Amino acid sequence: MSQMLALVIVVFILLVGDLVAVRTKAWIPSIFVSAVLFLIGYWTFFPKDIVAISGVPPVVATMMMYLLITNMGTLLSLHELKKQWKTIVIALSGILGIIAMLMTVGSLIFGFQTVVVAIPPLVGGVVSALIMSEGAKEAGLATLSVFAIVIYVVQGFAGYPITSIVLKKEGKRLLKQYRSGEIAAVKEQATAATEVAAASAVAKPELKLFKNLPDKYNTDFFKFFRLALVAYLAYQVSVLAAPVVSISPFVLCLLFGVIASSAGFLEKQVLQKANGFGLAIMALMLFIFDGLKQATPGMMMEILFPLVGTIILAVIGMYIFSFIAGKILKVSKDMAFAVSLTALYGFPADYIITNEVIKSLTDDEEEREMLTSHMLPPMLVGGFITVTIVSVILAGIFVGFLK
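Below, the structure is looked at part by part. (Residues numbered from 1 in each chain as written. Predicted model: local features only at pLDDT ≥ 70, side-chain atom pairs only at ≥ 80, totals over all residues. Heavy atoms only, no water.)

Let's talk about the packing of helix α4 (residues 58–73) against helix α15 (residues 277–290)
- Running from N to C, α4 and α15 point in directions that differ by 125 degrees, and their axes come no closer than 9 Å. By the angle between their axes, α4 is oblique relative to α15. The chirality of how α4 crosses α15 is left-handed. Across the interface between the two elements, Pro58, Ala61, Met64, Met65, Leu68 and Asn71 of α4 pack against Phe277, Ala280, Ile281, Ala283, Leu284 and Phe287 of α15.
- Partitioned by chemical class, the residues of the contact of α4 with α15 number eleven nonpolar, one polar and no charged. (Axes fitted to C-alpha atoms, helices over the stretch in contact; angles between N-to-C directions. Helix = DSSP H or I, 4+ residues; strand = E, 2+ residues; numbered from the N terminus. Parallel < 35°, antiparallel > 145°, perpendicular 65-115°, else oblique. Left-handed = near helix turned anticlockwise from the far one by under 90°. Contact = heavy atoms within 4.5 Å. Nonpolar A, V, L, I, M, F, W, Y, C, P; charged D, E, K, R; others polar.)

Quick look at the environment of Ile149
- Relative to the helices and strands, Ile149 is located in helix α9 (residues 142–154).
- C-alpha of Ile149 to C-alpha of Ile88: the two residues are 61 residues apart in sequence and 26 Å apart in space.
- Leaving out residues up to four positions away in the same chain, Ile149 has contacts with Ala129, Leu130, Ser133 and Gln294.

Here's the deal with helix α12 (residues 220–241)
- Taking 1.5 Å of rise per residue, the 22 residues of α12 would be expected to cover 32 Å, and the 32 Å separating its terminal C-alpha atoms lies within 8% of that figure.
- When we look at burial in α12, the residues that qualify are Lys223, Arg226, Leu227, Val230, Ala231, Ala234, Ser238 and Ala241. Within α12, the buried residues cover an arc of 125 degrees as seen down the axis, which keeps them to one side. Facing away from the buried side of α12 by over 90 degrees, the exposed positions are Phe221, Phe225 and Leu240. (Expected span 1.5 Å × (residues − 1). Buried < 20%, exposed > 50% of the residue type's maximum accessible area, 1.4 Å probe, protein only. Arc of directions from axis to C-beta.)

A short note on the packing of helix α6 (residues 85–110) against helix α7 (residues 112–123)
- In contact at an axis separation of 9 Å, α6 and α7 are set at 155 degrees when each is read in the N-to-C sense. Considering the angle they form, α6 stands roughly antiparallel to α7. Considering how the two elements wind past one another, α6 and α7 form a crossing that is right-handed. Along the contact surface, α6 presents Ile95, Ile98, Ile99, Leu102, Met103, Gly106, Ser107 and Phe110, while α7 presents Phe112, Thr114, Val115, Val116, Ile119, Leu122 and Val123.
- Split by residue class, the contact of α6 with α7 holds twelve nonpolar, three polar and no charged.

Section: a nonpolar patch on the surface
- A contiguous nonpolar patch, built from Met301, Leu304, Val308, Ile312, Ile316, Tyr319, Ile320, Phe323, Ile324 and Ile328 and spanning about 900 Å² of accessible area, is present on the exposed surface.
- Ranked by residues supplied to the nonpolar patch, first place goes to helix α17 (residues 304–329) with nine residues.
- If you trace the backbone, Ile328 turns up in helix α17.
- With relative accessibility at 64%, the residue Ile328 sits in the exposed group. (Patch = residues over 30% accessible without salt bridge, like charges linked within 9 Å, V, L, I, M, F, W, Y side chains within 5 Å. Areas by Shrake-Rupley, 256 points an atom, 1.4 Å probe, with all protein chains shown as cover. Salt bridge = Lys/Arg side-chain N within 4 Å of Asp/Glu carboxyl O.)

Dropping the structure here:
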């Protein structure tokens with residue numbers, strides 16, 4: 001298969017996912033549709049390396065991940081992170097719900113080793129799945145080694161549609177309050193804040209460190225250079241810290257993005273302003289779907305019962321514990337559940353699903369801004385806390401239980 005044919009096929013799949021999401025107003029998320037089509041393709045005529053053939057090998061996807069996560073850090077000011085402490089508590093309680101449900105009910109049904117292998121991938125990303133897969137392989141548990149990868153690949157099939165449903169309910173609730181005037185103050189505050197920001201923009205440019213730089217020199221390549229430099233510094237710090245403490249470079253990319261934006265070294269949403277965001281998202285999505293090549297029909301049938309069972313128990317555990325945390329912290333049950341569900345997919349799915357839902361609920365720009373300000377920050381923070389940070393820590397602990 002030629003590179004351009006492979007590229008046409010994989011991008012067409014992303015397009016079909018988008019069209020279905022638009023047509024169904026995000027009741028069926030684009031990521032879910034695309035994942036199903038990729039799975040069918042791998043089971044029929046796709047070469048296993050179709051994503052790499054199309055021009056997105058793992059090394060390119062990794063580069064995009066560094067840039068995207070650093071870029072997302074520019075969206076989260078230090079003040080915003082402090083404001084999102086409730087989100088962090090809810091995300092952690094959702095993880096606690098997964099652990100509690102699987103370690104009790106799950107152990108009785110599927111066995112202790114199965115749930116130990118299942119928990120870290122359920123909570124997070126590919127790193128935790130790989131840690132558990134290698135740990136199971138070293139312990140002589142070949143089936144569970146495959147199970148760790150497949151559960152990571154499949155868990156989104158539960159997370160995507162459920163998240164879309166609960167976010168639509170939350171969005172409708174917020175729109176009803178907004179239109180009735182119950183949260184009209186939010187609009188007024190946002191307007192006032194915008195006026196204050198506009199008034200201070202002349203005195204305090206967004207790029208404080210380059211305030212004397214003429215705009216004509218702030219080219220796309222200069223934006224890319226600064227973004228890449230910040231991502232490199234985050235990576236280098238993780239390498240230097242490795243002998244003492246293991247810190248994911250992606251966690252540091254998020255943190256360094258926040259710091260660089262706050263210090264005036266990076267603009268907010270610098271990747272969008274450099275006209276690179278869409279291409280980066282496409283590459284990262286293709287990298288995610290590339291993982292589906294591991295899930296053959298035979299493997300799926302062999303582990304189908306524990307696969308479905310552990311995911312169902314995990315979702316139940318997340319709902320119960322996030323509901324309790326939401327009640328205590330006075331956060332709506334739908335928003336709390338959506339935040340905890342980010343553990344099943346993380347970034348960029350949390351970003352994409354939230355935006356799809358917002359676009360499907362209203363065409364009014366002010367209403368979309370209101371929904372974005374209420375729903376997107378907690379979803380992003382929840383995804384980063386669960387997938388990027390906690391899952392890797394859990395994998396490091398749980399892999400010891402297999403020895």
